[in-house]
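Residue-level structure breakdown
So you can see what is in the structure, the chains are spelled out below.
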4 protein chains.
Amino acid sequence: MSGGCPYFEKKLFKSKLHLNEEEADDSQKGINEASKGGIIYGDYLQLDKVVTAQVLQSELKGNKIHDEHLFIVTHQAYELWFKQILWELDSVREIFISGHVRDERNMLKVNTRIHRIVMIFRLLVDQFSVLETMTALDFYDFREYLSPASGFQSLQFRLLENKIGVPDNLRVPYNRRHYRDNFKGHESEMLLSSEKEPCLLKLVEKWLERTPGLEGNGFNFWKKLEANIFEGLCLEKKKIVKMPDSEEKEEMMEELTKQKELFTSLFDIKRHEHLLSKGERRISYKALQGALMIYFYREEPRFQVPFQLLSNLMDIDTLMTKWRYNHVCMVHRMIGSKAGTGGSSGYHYLRSTVSDRYKVFVDLFNLATFLIPRHWVPKLDPNEHTFLFTAEYCDSSYCSSEDSD
Amino acid sequence: MSGGCPYFEKKLFKSKLHLNEEEADDSQKGINEASKGGIIYGDYLQLDKVVTAQVLQSELKGNKIHDEHLFIVTHQAYELWFKQILWELDSVREIFISGHVRDERNMLKVNTRIHRIVMIFRLLVDQFSVLETMTALDFYDFREYLSPASGFQSLQFRLLENKIGVPDNLRVPYNRRHYRDNFKGHESEMLLSSEKEPCLLKLVEKWLERTPGLEGNGFNFWKKLEANIFEGLCLEKKKIVKMPDSEEKEEMMEELTKQKELFTSLFDIKRHEHLLSKGERRISYKALQGALMIYFYREEPRFQVPFQLLSNLMDIDTLMTKWRYNHVCMVHRMIGSKAGTGGSSGYHYLRSTVSDRYKVFVDLFNLATFLIPRHWVPKLDPNEHTFLFTAEYCDSSYCSSEDSD
Amino acid sequence: MSGGCPYFEKKLFKSKLHLNEEEADDSQKGINEASKGGIIYGDYLQLDKVVTAQVLQSELKGNKIHDEHLFIVTHQAYELWFKQILWELDSVREIFISGHVRDERNMLKVNTRIHRIVMIFRLLVDQFSVLETMTALDFYDFREYLSPASGFQSLQFRLLENKIGVPDNLRVPYNRRHYRDNFKGHESEMLLSSEKEPCLLKLVEKWLERTPGLEGNGFNFWKKLEANIFEGLCLEKKKIVKMPDSEEKEEMMEELTKQKELFTSLFDIKRHEHLLSKGERRISYKALQGALMIYFYREEPRFQVPFQLLSNLMDIDTLMTKWRYNHVCMVHRMIGSKAGTGGSSGYHYLRSTVSDRYKVFVDLFNLATFLIPRHWVPKLDPNEHTFLFTAEYCDSSYCSSEDSD
Amino acid sequence: MSGGCPYFEKKLFKSKLHLNEEEADDSQKGINEASKGGIIYGDYLQLDKVVTAQVLQSELKGNKIHDEHLFIVTHQAYELWFKQILWELDSVREIFISGHVRDERNMLKVNTRIHRIVMIFRLLVDQFSVLETMTALDFYDFREYLSPASGFQSLQFRLLENKIGVPDNLRVPYNRRHYRDNFKGHESEMLLSSEKEPCLLKLVEKWLERTPGLEGNGFNFWKKLEANIFEGLCLEKKKIVKMPDSEEKEEMMEELTKQKELFTSLFDIKRHEHLLSKGERRISYKALQGALMIYFYREEPRFQVPFQLLSNLMDIDTLMTKWRYNHVCMVHRMIGSKAGTGGSSGYHYLRSTVSDRYKVFVDLFNLATFLIPRHWVPKLDPNEHTFLFTAEYCDSSYCSSEDSD
C-alpha cells in the first residue's frame, strides 16, 4: 500500500475516486456524478454477469416453472461460497507450504481464515431452509429438464474435499463410478492435481509433528506422559485391591483392565500403523502426540491459538458433515428414498457420505478417548521450559509472507 | 408440461437426457459420458460467469489484499438473493395485478412466495456474521480502492424497496441527494418505473378493500364493530361509576376516557386521512377495516391463509428493518461513527433508515393498538354468513394464471 | 374472558393491577410500587425456582468446575423447550381426539401450533452451538461426577417421541435394555400410558382417511388416479415403440417398465400391508391416498392449510433427525467414538437413531416417489366438486373446543 | 480433582456411580437400576423445579389461554441464559480483579468465556423467532392478567447491564423513573452493589492501560505513532501542493485538512477528557492507546488473543444491541406503537435504548476512525522488542487462579 493516499481513507461513500496523476485528466469530463472516475458498485461486483446468469431450462423448453429460479439461485449462492472457502483454504495452505507458519505471527491469520470457513459453513447449513420452501411437487415440475445436471458435478465441492483432505480411497463410489468420471478435460485435471497437492490435513500433520516439547532430548512429552499414566493406573489398582470383595470391586477391576488396554494401545506404534492403514487414523504418530500435547497444555501462551486452530478444524469437519446431512434430508423430501428408474438411489448414496469416512480430522475427535486427570499431565516448570511462552520468529519469512499473500 | 415424458422423471441423477425425436440423432455421438446430451451442472448454473466474477481492485492496483475477496463474494451473494426476492415479488405482484388473486386457489401460491421472501431475508440477516469475520483493519487495507463504489448504488435493493412500497417522500436523503441520483441512464429509468408501478403495499391495499363482510348492505362489519365497542365501553363505565370513591376508581375512569378517545379516533375517517397525509398511516380506511376483519375472524376458513399472509408481510418489514440494523452495526465496526472527511457519516445515514418511516406495512403493526375482547367482536352465524367458508372461484382466470406464471 | 376489563388492556407496563371489587381493598395498602397489587415479573416466572436450580455436582464433590454450569443450563433450556413442545403437541392431539378438527376453523390453530413446534426445534438445533463452546477437556474435568445421569433418562424427550409416534418396536435398544428401563415408578407409567394414547401419527392418519374426495361413490380419486396413470404409461409406451431401434430406445423402454412396476406397487394394497408390517410404511392405505390427494390438489381452498400441515409435519421429522445428528456430532467431540469401559458406545448408539426408523412421517417423504405430471392428475370441475372450496363447519363442537382449549 | 478416579471416566452413560469407600455399603441395596447410586438426570437438573414452574395467570383467573405457556417458557429460557451469562461474566471479572490476568496463561480462559457469552447472545437473538409465532391477538387474550409484571423487572438483565458497564447516567429513564425503582429490598441492593463493583468495561480499561509497549521509557508507541502520522500527512501535503490547480486538488487539500484535524484531536488529551465527560468516550486515554496498539500489532504473538478479546467485546455490544432491537420489533408487533393508556409507550422507550448510549465498548468501534496505512505504524525490531513474543508468567497466581475458579 506504499502508494496509498491515506487522507482519502474515509471516501468509501463519496462519489470521487483518488486517481493517480496520469489518470486525473480523464476524470474531469462532465459525466454523471455516479460514474465520475473510479468504479461503481455494479461494475465492481460484475453484476452484469452474476445477476444475469439465471436461465431457466423449463423456460427454454417452453414450460417456464417459477420455482426453478430459486433452484438456480440457491446453487449459485452455494458455489459462490465454495469459491470463498477455496480462497481461504488456498491461502492457509500456502502459508503452511511456504513455511511461513514457522513465524508464529502468522498463526492469527491462519486461525482467522479457518474460522471464517467455519462461519461460511454455518451459513451454508442454514441456507437449506430457503431451498426447503420449495416442495417436492414444485421440484417435480421442472426436474426432468435438468438432466443430467447434478450436484455430483460440482467441481468446487470436490476440490474443496480434496484440499481439506478427503482421501480418494475412502470415498463412497456412486453407481460404481469414480467421482472424477463426472468431470472431463480441464476439470478432471484440476481434480487430479488437487489430489496430489498437499491437503490441509497433511499440512496440519507436518505442523503438529513440529510441536515444541515432543523432542526426545528435550521435554520429551510422550515418554513422560506414558510413565505418568501407567503409574496412575497402578496406584488405582492398589486402591481397588484393598477394597473388601464385592460386585462393585469386581466391576472396578474390570474397568481398570480396560483402561489399561486402552492406554497400552495409545503407546503402541504398531497399532497406530495398523489403524492408519485401515483409515481409522489419518495422521502420523508424531502428529498425534503433538495434538495431545496442545490439548493438555492449551493454556500455555504458545498453545492458545494452536488449540483454537484444532477446535476450528473440528468445526469444519462437523459442519461439512452437517451440511451433508442437511442435504440428505432435503433430497429425501424432494425425491423420496427409492432409487430412480435404473441406477441406485441418490438418497442412499448421499446418506452413506454422512460418515466418519468423510471426517478428515477424525483423530482430533477421537483423542477425546484418551483424556486423563489433570494431575497425570506431566508438569512444566516455567523457568526451565521457556519454549511454552516464547514464540518463534523468523522475520525474513514474515516479510515474504506479506508479499505472497 | 404437456410434452413431458413422465417416465424419465427420476432421471435427475442419471447421465442421459430425454431428448425429443428431432434432437435424438445428435445425442448418439460418442462424447464423454458427463456431457452426453443434456446440460451439465456448471453450464446450467453458468458458473463460468458466477465464479469468475471476483476481481480484486486491490490486486489491479498492485496491492492484493486477501480479504477483498470476501467483501466481493458477500456482496454478490446479497445481490443474488435480492434477485430471487425480486423474482418472487414480481410474480406475486403479477397475480394481484392480473386479478388472479380473486381466484382463491392462488392464495397458497401468494402466501408461499411471500413466505419464501421471509426465509431469504432471515438468511440475509444471518449472512452478516460471515462478513463480520473481517475486521476494521482488514477492511481499511483495501477500502480506498473501492471508491466511489458503495452499497447506495445497489439497483436491486432500491427496486426491492420500491416494489414493496417504500415511498419516495419518506426516504431519508443522503448528503442532500435524491437516492435516484446515484444511478444513471437505464438504471435510473428502471427505478422511476418501479416507483410508478403498483407496489406490493398498494396491491395488498386493494385486496384488503375487497375483504368479504365489509359491505354496508351485507354483514357490515365496521358498523357492527363500532356499535359493540362503544356499548362495551359504556358498560365498563357503569361498573366503575358504581365503585366507592378511591384512587383506584379515579385511575380506572381516567383510563376509560383514554380508551374511548382511542376508539373514537379509530372510527374517525377524517383523522385517518390526516394520518395518511403525514405518512403515519399508509393504507386506505377501507383496507384498514379489511385487515382488522381478517384479524378478528382469522380462524374462519376463508381468512386463515389471508391472516398468514398479513403475518408474513409484517415479517418482511421486520426482517428488512433488522437487515438495515445489522448493516448499521457492521458499518459502525468497519468505519466508526465519525463522518468521512467531507460529507455526512454513512453510519448516521444508515441509522436513520432503521425507522418506522421505512416500515411499509406499519398499519398492520399498529392495529395491535385496537384489539378488543373476543366477546366484543361482532358475532357470525355460519348459516347466515356462508361467505366465510365458501371460497371464491373463477376458473377461467385460474387457467390463465397458470399460463402467465 | 367474560369478566375481562377491556380498558385495562394496555396496562402491561403499568404498575397497577386490575382487581375485582372484593380484592380492591387490599390493594390500597401503602406497599412498594413494584408490588402494589398484581404479580411481578420474577414471581410470575417463578425465577426463585428456575434460576436457583443450578447445583454443580463438581462443587458438591469439592472440586468446582466452571463449565459444569453451562452443561446444566443448556440441558435445562432443552427441557424447558421440550415442555413447551409437549404443551403444543398435547393441545393439537386434543383437538384431533375430540373431533374438533372436523370444524375446519380449527385447522389454523392446529397448523400454527405444529409450526411453532417446528420453530422450537429449529432453535434447539442451533442451541448446540452454545454447548460446543465447551471442549472435550473441559467436559472431562467434571463428567465423572455426573454418573449415572444421562440424557437417556430424559422423560420429556421420550414422551415427546411417543406422542409424535416413534413406535416401540422400531427403537434401537441401548445396551440391550428397553428404553423404559431407565425410568422408574411414576415416570415409567407415564411413558407406558403415552405409548397407549393415540399419537400424532395415528391421529393424522385418521384425519387423512377422511379427506373429502376419496369416497368410492363420490369423486373417487384413487380409481381415477389409477386409470390416468396407466393410461399415461400406455401412451408413453406407444411413443417409444414407434422409435427406431437404438440404445436410447432400449433404455427408455427399460425405464418405462420400472415406472410401471413402481406404480403397480402403489395400487397394490397387499404390498402396502407388507410394507406396513415391516415398518417401512406407517399409515393406512386410505390415509396414504388422502395425503396424495392433498398433495395433488393443494391449491384448492380446503386443501391449502392441510397441505401446509403435511409440510410442517415433515419439518418436525427432519428437525428431530437433525437434532439427533447434531447431538451425535457433539458426543463424538466430547467423548470420542470408542465404547466406554464396559458397555457399548454412546456415540454409536446415538448414531443408529439418526435413521429413517425414527422418521415418524416417513410416508409423507416417500410419496415424492409417486409424483406424476400435472395433466395426469384427475380433473376437477368446480361446479360439480364444490367440496373443495366449501369448508366443513360444526358450530357446537367449535364452541366446546374453545372451552377445552 | 485429586480424589478423582480416572478409570471411571467413561462411565457417563453407565448405570453405576463410583462411590468412595464409606458410601459403598449403601450402594449395594437392591434398588432400581436407574437410581442405584449416583444421581439421575432429572434430579441433577432439578427438573422438579424447572419444568413445574409454568403457572398460567390466565388459568388462575379462570380463563386459560393456551399461548401464555409459550410466553412463560420463553421468558424463563431467557432468564436461564442470563444466569449463564452472569456466571461467565463474574468468572472473567474475578480473573481480572484478582490480577490473575497478569499471568497470560489465563488469556485463553478469559477469551473463551467472553466468546461463550457471544454465542449465548447469538442464540438469544434467534430465540425471538419462537415467541414471534404468537400473534398480537393471541397475546391480547392474556396480557391483562400479567399486569404489572414486565420485563423491566428482570433483575438479571439489569445486573448484566451493570456488570458489563452500562453507566447509570446514560440510561434512558422510563416513565421518569429510575430503573432501580422497579426493584425492592434485596434486589435493589444487589443492583446498587453491582453498580459499585468494577464492571467489565473498567477492568478491561485497567488491563489495556498495562499494554506492553506504551511506556514512555520503553517502546513509547504513542509518541512514535504521533510522529509518524504527522510526518505522513506532511508528505501527502507536499504531493498535493505540486499538483496543477484543479477542483480535484482543492478537494484533496480540504480533506487533508480534515484528516489533520481528526488526528490532532486523537493526540489531544484535553479533548479526550471532554468526550469522556460527555459519555462519548468511556475509557481512559491510556487504555485507548493500548487498544490501538493491540489493533496495529495484532499479529504479534502476545497480542493475538488480546486482539480476539477486543473483537469479542465488540460482538457482545453488537449482539446486546441487536437483542434490544429485536425486542423492539416484537413489542411493536405485539402492542403497536401507541402509548398504553396513561404512561408513555413501551415501544418508544425500548427503541430509545437501541442507541450508542448503551454500547459499552463504543470506543473500540470508534477507533476504526483512526486507522492508518500499515507503513505509518511504528516499526518493531524483533531482536530489540522481545516483549511482543515473550509472554508474562506469574506462576504463583496461576495456581491460586485455579483454586479460585
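Here goes a summary of the coordinates provided. (Residues numbered from 1 in each chain as written. Chains lettered and ligands numbered in written order. Predicted model: local features only at pLDDT ≥ 70, side-chain atom pairs only at ≥ 80, totals over all residues. Heavy atoms only, no water.)

**Quick word on the packing of aromatic side chains**
Aromatic rings in a pair are described by how distant their centres are and how their planes are angled relative to each other. One pass over the full model with this rule turns up 94 aromatic pairs over all chains. With a centroid separation of 6.1 Å and 70° between ring planes, the pair formed by B:Phe82 and B:Trp323 is classed as edge-to-face. Of this pair, B:Phe82 sits in helix α5 (residues 68-97) while B:Trp323 sits in helix α15 (residues 301-335), placing them 241 residues apart in sequence. Across this residue pair, the class does not change: B:Phe82 and B:Trp323 are buried. Put simply, the rings of A:Phe219, A:Phe221, A:Trp222, A:Phe230, A:Phe267, A:Tyr285, A:Phe296, A:Tyr297 and A:Phe387 touch in pairs and so form one group of aromatic residues. The residue whose ring lies beneath A:Arg298 is A:Phe307, and the NZ or CZ to ring-centre distance is 5.7 Å. Directly above the aromatic system of C:Phe365 lies the positively charged group of C:Lys359, at a separation of 4.6 Å from the ring centroid. (Phe/Tyr/Trp six-rings, centres within 6.5 Å; stacked < 30°, edge-to-face > 60°. Helix = DSSP H or I, 4+ residues; strand = E, 2+ residues; numbered from the N terminus. Buried < 20%, exposed > 50% of the residue type's maximum accessible area, 1.4 Å probe, protein only. Lys NZ or Arg CZ within 6 Å of the ring centre and 35° of its normal.)

**As for the pattern of salt bridges**
Residue and element names in this part refer to chain C. Scanning all chains against the criterion turns up 93 salt bridges over all chains. Glu 161 is the partner of Arg 171 in a salt bridge, and the nearest nitrogen-oxygen pair spans 2.5 Å. With a gap of ten residues between them, Arg 171 in the loop between α8 (155-164) and α9 (185-196) and Glu 161 in helix α8 connect regions that are remote in the sequence. We note that Arg 171, like Glu 161, is buried. Residue Glu 205 is joined to Lys 202 by a salt bridge in which the shortest nitrogen-to-oxygen separation is 3.3 Å. Residue Glu 205 and its partner Lys 202 are both found in helix α10 (residues 200-209); the two are separated by three residues, about one turn of the helix. (Salt bridge = Lys/Arg side-chain N within 4 Å of Asp/Glu carboxyl O.)

**With respect to helix α14 (residues 285-296) of chain A**
The terminal C-alpha atoms of α14(A), which comprises twelve residues, lie 17 Å apart, in line with the 16 Å expected from a rise of 1.5 Å per residue. Within α14(A), eleven of the twelve residues are buried, leaving the element largely enclosed by the surrounding structure. (Expected span 1.5 Å × (residues − 1).)

**With respect to unusual backbone geometry**
If a residue is not glycine, its phi is most likely negative; likewise, a peptide bond is most likely trans. The omega torsion across B:Ser147 and B:Pro148 is 0°, close enough to zero to call that bond cis. Tracing the backbone shows B:Pro148 in the loop between α7 (136-146) and α8 (155-164). Of note in the backbone geometry, A:Gln46 takes a positive phi value of approximately 50° without being a glycine. Looking at the element boundaries, A:Gln46 is found in the loop between α2 (41-44) and α3 (47-50).

**Comments concerning the environment of D:Thr321**
Here D:Thr321 lies in helix α15 (residues 301-335). You can call D:Thr321 buried: its relative accessible area is 3%. Considering only alpha carbons, one finds D:Thr321 and D:Val125, 196 residues apart in sequence, at a separation of 9.7 Å. Apart from residues no more than four positions distant in its own chain, D:Thr321 is found in contact with B:Tyr325, B:Cys329, D:Val354 and D:Lys359. (Contact = heavy atoms within 4.5 Å.)

**What to know about the packing of helix α5 (residues 68-97) of chain C against α10(C)**
Residue and element names in this part refer to chain C. Contact geometry for α5 and α10: axes closest at 10 Å, N-to-C directions at 35°. Handedness of the crossing formed by α5 with α10: left-handed. Taking contact as the criterion, the partners of Leu 89, Val 92, Arg 93, Phe 96 and Ile 97 in α5 are, on α10, Leu 200, Leu 203, Val 204 and Trp 207. When the residues that make up the contact of α5 with α10 are grouped by side-chain class, the tally is eight nonpolar, no polar and one charged. (Axes fitted to C-alpha atoms, helices over the stretch in contact; angles between N-to-C directions. Left-handed = near helix turned anticlockwise from the far one by under 90°. Nonpolar A, V, L, I, M, F, W, Y, C, P; charged D, E, K, R; others polar.)

**Some words on the packing of helix α10 (residues 200-209) of chain B against α15(B)**
Residue and element names in this part refer to chain B. Relative to each other, α10 and α15 sit at 155°, their axes nearing to 13 Å. Viewed along their axes, α10 and α15 adopt a mutual orientation that is roughly antiparallel. With respect to the hand of their crossing, α10 and α15 are arranged in left-handed fashion. Two secondary-structure elements touch here, α10 through Leu 200, Val 204, Trp 207 and Leu 208 and α15 through Pro 306, Leu 309, Leu 310 and Leu 313. (Parallel < 35°, antiparallel > 145°, perpendicular 65-115°, else oblique.)

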